[in-house]
Amino acid sequence: MTNEEGKTAILSATDVRKWYGGFHALDGVSFTINEGEFVSIIGPNGAGKTTLINVLTGLVAPNTGTVVFKGRDISGIGPEKLSRMGMARSFQLVNVFPNFSVLEFLMVAVVSRLGKGTRLFSSLLRDKQITDGAMEVAHLFGLDAKKDMLAKNLPQGDKKMLDVASAFALHPEVILLDEPTSGVSTSDKNKIMETLVSASKQIGIKSILQVEHDMDLVFSYSDRVIALQAGKILADSTPALIEQDEEVVCTVMGKKECFKIFSSLQNKER
Amino acid sequence: MKNRQEIARLKSLKLPLVIVIGLVLLCVPLFAGQFFSYLMLTFFAYAITVIGFNLLFGYAGLLSFGHALFMAVGAYTAAFLTSTFALPYMELILVAAVIVSAILAALIGALCVRYIKIYFAMLTLAFGMLFYTFLLKFYYLTGGDEGMRVLRPYLLGIDFSGTPKMQFLAGTYYIYAFVILAILTFVMWKIVSSPFGLCLKAIRDNPEKAEYLGVSVKKYRWYAFVISAAYAAVGGALLAPAVGQVDPGLTYWTQSGTLVFMSLLGGFDYFFGPLIGGIVYILLQNSVMSLTSYWRFIFGAILVFVVIVAPGGIAGVIGSLVKRRERRD
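If you're wondering where the values come from, they're calculated on a predicted model, not measured in any experiment.

1. A short note on the overall build of chain A
When its secondary structure is counted, chain A shows 10 helices and 10 strands. For a compact globule of 270 residues, the expected C-alpha radius of gyration is about 18 Å, and chain A comes in at 19 Å, within 12% of that figure. Projected onto its principal axes, the C-alpha coordinates of chain A cover approximately 60 × 45 × 40 Å. Considering chain A as a whole, with its 270 residues, one finds that 43% of them fall into the buried category.

Right under this line is the structure:
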């Protein structure tokens, strides 16, 4: 995804603060996500990344500050309304309906997107619009062969994909992915990112915001990187610039990891 | 290969099987005695209640422990309309029962669906007992613990007061109740196989995820609550003329417990499970009661057995037997 001239803001946070007791999880965070951007949020554990996602998806209301999505203040609006406005998210930990088949799982999202949830007497399986919509997403994520498998019986990586796919099935404008590749083998990570990018193009998702730990993925796929530290924004820039900023990388990754990365950057081995 | 064909054949036999069982039930008065037909009539009333109950329990994952309240609402509607208002039209009774219970359930449900698990169960239990006390204490309205008489209703506008009681109940009224059960079972089947049914199951399995997929968790739970209450009221309204009398015992918590028992016994994970549970419960209760007055003791033991050995209920046992055949293939 490339940035274009005359960017349109789609999601913006202004001076967002969230504290739990004396602990400031978010301490004045401001940024704007534009249409067409792929933004990665990085930061050490406890930097406030998941709190930020929770605030941005309206699950948690900030103590002060505003979150504006498509020109509307969405602080504390709740995930259900937000999904109808065009924002979806996936979870850090696998979050599925264990007893649902892959197809049924995706159908929940499609039913909700089409606003057909209150159809009490129409047949679900005879509704081509619903089944086709679910199959389309299953296909994008390479899950079509497993469409009848129960979510709980899927391998870990597929569970994760299914969770992400269900968010895509909502056809959102903005999607927030909380560590889409965590718990997945390194070899599969790139494949997942490729899938995400191509699926978002197919579906017409305008912007992706992801929390990601794998720096290689962050640097190779993002248009922009926001580094969080102790609830504050440490840096907000292009991957190329962040990558070279030893201070940022060392704060975000910790000393040990940081040395690994910088040595690996030199010999391009990692 | 042979087995797989057999399984496919078994599966395609499901609908014909349901129809055959339905026809056999319909013909019970032709070959069985009046008393047995009367038992089956009671089953029809409970069957309607329990399939409604299971929309909430099995599909939405909410265990109501006060569902007898709505059965009582239906039964007292029948009593009021036939005795107090002298409007003994069964269709009117059914419609009134649905309206009254839906209004009451809309109010109670709006509060209850904010809670889940034990809190939901306790709240519904509390409302059930509240209604019990109301029926008991407002005796000038409800007849207190003596209850109210339910006069014989007109069916489709026809007065059957000339027919002897058991002949009416095991005859015309039996068929009438059966047809309503058949229609409501079909309607419930449509509901659970609709997009709404899918969303309910999603809420049951993972409400947080459902909400992120744009499913209005509380709203859908509330719909399910109101629908299941309306079913219970129809069940109660059909039961009342069969018994000829209503009393507050109808909404006592053990009545709600009976509905839970039926669902567990039959298997709440299966659409027809509660129906199987209902018929087995009623036949078993009848035979055990004739043997010993400690029938509750026996039923307690059965409940323990079901929960520990066959948590999927009778339908679950049948289902796993079918699956085992499938795996043998």
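The discussion continues.
2. A closer look at the nonpolar core
Counting 181 residues, the largest nonpolar core has A:Leu106, A:Val108, A:Ala165, B:Phe44, B:Ala75 and B:Ala233 as the members making the most contacts within it. A per-element tally of this core places helix H12 (residues 217–243) of chain B first, with 18 residues. Excluding residues within four positions of it along the chain, B:Ala233 makes contact with B:Phe70, B:Val73, B:Gly74, B:Ala97, B:Val98, B:Val100 and B:Ser101.

3. As for helix H6 (residues 186–203) of chain A
All names here are of chain A. For H6, built from 18 residues, the straight-helix expectation of 26 Å at 1.5 Å per residue is met to within 8% by its first-to-last C-alpha distance of 26 Å. Turning to H6, its buried residues are Met 193, Leu 196 and Ala 199. Looking straight down H6, one finds that the buried residues subtend no more than 135 degrees of arc, so they occupy a single side. Set apart from the buried face of H6 by more than 90 degrees, the exposed residues are Ser 187, Glu 194, Ser 198 and Lys 201. Close packing links the buried residues of H6 with helix H4 (128–140), helix H5 (156–168) and helix H7 (215–221). Remark: Gly 204 follows H6 within two positions and exhibits a positive phi of approximately 90 degrees.

4. Quick look at the interface of chain B and chain A
Listed per partner, the contact involves 21 residues of chain B and 30 residues of chain A. Counting residues per element, the side of chain B that touches chain A draws most heavily on helix H10 (residues 195–205) of chain B, which supplies 6 residues. Split by residue class, the side of chain B that touches chain A holds 11 nonpolar, 5 polar and 5 charged.

5. Focus: the domain arrangement of chain A
All names here are of chain A. Partitioning chain A into domains gives domain 1 (1–86 + 172–270) and domain 2 (95–171). Using C-alpha coordinates to define each centre, domain 1 is positioned 26 Å away from domain 2. Facing 12 residues of domain 1, the contacting portion of domain 2 comprises 11 residues. Those elements that provide at least two residues to the side of domain 1 that touches domain 2 are strand E7 (174–178) and H6. Partitioned by chemical class, the residues of the side of domain 1 that touches domain 2 number 7 nonpolar, 4 polar and 1 charged.

6. Some thoughts on the packing of helix H4 (residues 68–84) of chain B against H12(B)
Residues and elements named next belong to chain B. Remark: H4 packs on H12, axes separated minimally by 6 Å, with the N-to-C direction vectors making an angle of 45 degrees. Put simply, H4 runs oblique to H12. Handedness of the H4/H12 crossing: right-handed. Taken together, the residues of H12 that come into contact with H4 (itself represented by Phe 70, Met 71, Ala 72, Val 73, Gly 74, Ala 75, Thr 77, Ala 78 and Ala 79) are Ala 229, Ala 232, Ala 233, Val 234, Gly 235, Gly 236, Ala 237, Leu 239, Ala 240 and Pro 241. Here the residues of the contact of H4 with H12 are counted per class, giving 15 nonpolar, 4 polar and no charged.

7. Describing the sheet that holds strand E2 (residues 23–34) of chain A
Residues and elements named next belong to chain A. Spatially, the 4 strands line up as an open sheet ordered E2-E1-E4-E5, and their pairing is antiparallel. Each having just a single partner strand, E2 and strand E5 (72–73) make up the two edges of the open sheet. Sheet topology note: the strand E1 (residues 9–20)/E2 ladder contains 9 bridges and is antiparallel. Paired with Trp 19 across the strands is His 24, a residue of E2.

8. Comments concerning the confidence of the model for chain B
All names here are of chain B. Mean pLDDT over chain B stands at 88; residues scoring 70 or higher make up 96%. For chain B, helix H1 (residues 2–12) is the element with the lowest average pLDDT, namely 61, and H12 is the one with the highest, namely 94. Scored by ipTM, the complex comes to 0.83, with pTM at 0.87.

Rules behind the numbers
Residues numbered from 1 in each chain as written. Chains lettered and ligands numbered in written order. Predicted model: local features only at pLDDT ≥ 70, side-chain atom pairs only at ≥ 80, totals over all residues. Helix = DSSP H or I, 4+ residues; strand = E, 2+ residues; numbered from the N terminus. Rg over C-alpha atoms; globule rule 2.2 N^0.38 Å. Buried ≥ 20, exposed ≤ 12 C-beta atoms within 10 Å, placed from the backbone. Core = buried A, V, L, I, M, F, W, Y, C linked by C-beta atoms within 7 Å. Contact = placed C-beta atoms within 7 Å. Expected span 1.5 Å × (residues − 1). Arc of directions from axis to C-beta. Nonpolar A, V, L, I, M, F, W, Y, C, P; charged D, E, K, R; others polar. Domains from an automatic or database assignment. Axes fitted to C-alpha atoms, helices over the stretch in contact; angles between N-to-C directions. Parallel < 35°, antiparallel > 145°, perpendicular 65-115°, else oblique. Left-handed = near helix turned anticlockwise from the far one by under 90°. Pairing = 2+ DSSP bridges. pLDDT = per-residue confidence, 0-100.

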